Amino acid sequence: MRELPILAEAGQGASHAGIEAKGLRIGHNGGALLDVAHLALTGPGPTMILGPNGAGKSLLLRCLHGLIAPDAGTVRQDGQKLGAAQRARQAMVFQKPVLLRRSVAANLDYVLRRRPLGRAARKARIAELLAEGGLAGKARQGARSLSGGEAQRLAILRALAAEPRILFLDEPTSALDPAATQAIEMMILRAARRGTRIVMVTHDIGQARRLGHDVAILHRGRVVEHGLAHDLFAAPQTDTTRRFLAGALVI
Ligand SMILES: Nc1ncnc2c1ncn2[C@@H]1O[C@H](COP(=O)(O)OP(=O)(O)OP(=O)(O)O)[C@@H](O)[C@H]1O
Ligand SMILES: [Mg+2]
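Since this is a predicted model, take the numbers as computed values, not measurements.

Caption draft 1: A look at the overall build of the protein chain. The number of helices and strands found in the protein chain is nine helices and 10 strands. When its C-alpha atoms are laid out on the principal axes, the protein chain stretches across 55 × 45 × 40 Å. Split into buried and exposed, the 251 residues of the protein chain put 49% on the buried side. For the protein chain, restricting intrachain contacts to residue pairs at least 6 apart in sequence, the fraction spanning at least 24 positions comes to 68%. As displayed, the protein chain has an accessible area near 12,000 Å², and 51% of this comes from carbon and sulfur atoms.

Caption draft 2: Looking closely at the packing of aromatic side chains. Overall, the coordinates contain zero aromatic pairs when judged by the stated rule. Sitting above the plane of the Phe233 ring, Arg209 keeps its charged end 4.6 Å from the centroid.

Caption draft 3: Broad picture of the nonpolar core. Within the largest apolar cluster, 45 residues are counted, with the highest numbers of intra-cluster contacts made by Leu154, Leu167, Leu169, Ile198 and Val215. When residues in this core are grouped by element, the largest group, eight residues, is from helix 5 (residues 148-161). Counting contributing residues, this core receives three or more from each of domain 1 (19-99 + 163-245) and domain 2 (100-145). Apart from residues no more than four positions distant in its own chain, Leu167 is found in contact with Ala91, Met92, Val93, Ala159, Leu160, Thr196, Arg197, Ile198 and Val199.

Caption draft 4: Focus on the pairing of strand 4 (residues 72-77). Relative to strand 4, strand 1 (residues 19-28) is paired through five bridges, and the arrangement is antiparallel. The residue bridging Arg25 from the neighbouring strand is Ala72, located in strand 4. Here strand 4 runs beside strand 5 (residues 80-81); their pairing, made up of two bridges, is antiparallel. Paired with Arg76 across the two strands is Lys81, which belongs to strand 5. Connecting the antiparallel pair strand 4 and strand 5 is a turn made up of two residues, with Asp78 showing a positive phi of about 50°.

Caption draft 5: How the structure looks around the pattern of salt bridges. What the rule picks out here adds up to 12 salt bridges. With a closest N to O distance of 3.9 Å, Asp35 and Arg25 form a salt bridge. Of this pair, Asp35 sits in strand 2 (residues 31-41) while Arg25 sits in strand 1, and the two are 10 residues apart along the sequence. Asp35 gets classed as partly exposed once you look at its relative accessible area, which sits at 22%. With relative accessibility at 32%, the residue Arg25 sits in the partly exposed group. Arg113 is the partner of Asp109 in a salt bridge, and the nearest nitrogen-oxygen pair spans 3.0 Å. Its relative accessible area of 56% is what places Arg113 among the exposed residues. Several salt bridges share partner residues, and in doing so they unite Arg115, Arg125, Glu128 and Glu163 into one network.

Caption draft 6: Spotlight on the domain arrangement of the protein chain. With domains assigned, the protein chain is organised as domain 1 (19-99 + 163-245) and domain 2 (100-145). Here the C-alpha centre of domain 2 lies 27 Å away from the C-alpha centre of domain 1. On the side of domain 2, nine residues touch domain 1, which itself brings six residues to the contact. The contact between domain 1 and domain 2 buries some 560 Å² in all, and 39% of this surface belongs to carbon and sulfur atoms. A per-residue breakdown of the area domain 1 buries against domain 2 is headed by Leu99, Glu163 and Met187, which together make up 82% of the total. Counting across the interface, domain 1 meets domain 2 through three salt bridges. Ionic pairing is found between Glu163 and Arg115, a salt bridge with its closest N-O pair at 3.6 Å. Taken together, the links from domain 1 to domain 2 amount to two residue pairs in polar contact (both at pLDDT 80 or more).

Caption draft 7: A look at the site of ligand 1. Taken together, His28, Leu33, Pro52, Asn53, Gly54, Ala55, Gly56, Lys57, Ser58, Leu59, Glu171 and His203 make up the full set of residues adjacent to ligand 1. A distance of 3.0 Å separates an oxygen atom of ligand 1 from a polar atom in the side chain of Asn53. Separating an oxygen atom of ligand 1 from a backbone N or O atom of Leu59 is a distance of 2.9 Å. Contact with the protein chains hides 55% of the accessible area of ligand 1, taken as 640 Å² for the molecule alone. The biggest single contributor to the shell around ligand 1 is helix 1 (residues 57-64), with three residues. A class-by-class count of the residues in the shell around ligand 1 yields four nonpolar, six polar and two charged.

Rules used in this analysis
- Residues numbered from 1 in each chain as written.
- Chains lettered and ligands numbered in written order.
- Predicted model: local features only at pLDDT ≥ 70, side-chain atom pairs only at ≥ 80, totals over all residues.
- Heavy atoms only, no water.
- Helix = DSSP H or I, 4+ residues; strand = E, 2+ residues; numbered from the N terminus.
- Buried < 20%, exposed > 50% of the residue type's maximum accessible area, 1.4 Å probe, protein only.
- Contact = heavy atoms within 4.5 Å.
- Areas by Shrake-Rupley, 256 points an atom, 1.4 Å probe, with all protein chains shown as cover.
- Phe/Tyr/Trp six-rings, centres within 6.5 Å; stacked < 30°, edge-to-face > 60°.
- Lys NZ or Arg CZ within 6 Å of the ring centre and 35° of its normal.
- Core = buried A, V, L, I, M, F, W, Y, C linked by side-chain atoms within 4.5 Å.
- Domains from an automatic or database assignment.
- Pairing = 2+ DSSP bridges.
- Salt bridge = Lys/Arg side-chain N within 4 Å of Asp/Glu carboxyl O.
- Buried area = accessible area lost by both parts, 1.4 Å probe.
- Polar contact = N/O pair within 3.5 Å; in protein donor to acceptor, adjacent residues only side chain to side chain.
- Near = heavy atom within 4 Å.
- Nonpolar A, V, L, I, M, F, W, Y, C, P; charged D, E, K, R; others polar.

Here you go:
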């Protein structure tokens, strides 16, 4: 595996929480669904995770977010083992948005109620979030009646409402058209600029080029390569990455 170079770029990324996995392993039938010796996300990000179906990308995100306890290994956020306090500073958006059977605004309010905010402050924050996601006219609509792209934007807004230091996104635009994809990419970039670490799975290599600061390639549960996006796309170091980027079938 290629080690990530030090990503200190004139103070950039200083505010992004680091996340580091060591010796992560999820075994299955004598083999391993996930076997990540070391993955350190310490640069400014966004980090793009690429790899074929079944490579372990979703499993890796779930482990990094503490939704699955691995059979072995540790995940640390800013040097601290992942515990309740660390997890509270992280959020995850799933490929299929999970929304409450309530209005768009009520979905956001649900998250904001867990924070020490008064009614007026919550209302103002909801308006801000709706504007951020281009959903200002949809506050009262039932969340379940949103289009796919709108629902995904609301799911991202819900994650952002918690003001996470780290945001995991699992294929957030896989079923969306170019306009909806662009709207979500802009939201992701704005969150990254505000200091949220973005760790995102995508099958869209163009998107990884557009958004990625660094890229990790997963294959059969292993990180076969992790490097700066520019370097990795220009000069992939492993045969698996070369074949994957060339659009060859990597099984
Ligand atoms: N609970 C489970 N029990 C057994 N196998 C599992 C479990 N969860 C995931 N797997 C297997 O682990 C492997 C990795 O799954 P994962 O969902 O992480 O893949 P992925 O890289 O996200 O793929 P995709 O691109 O299709 O989303 C797959 O072979 C999957 O079938
Ligand atoms: Mg997946």
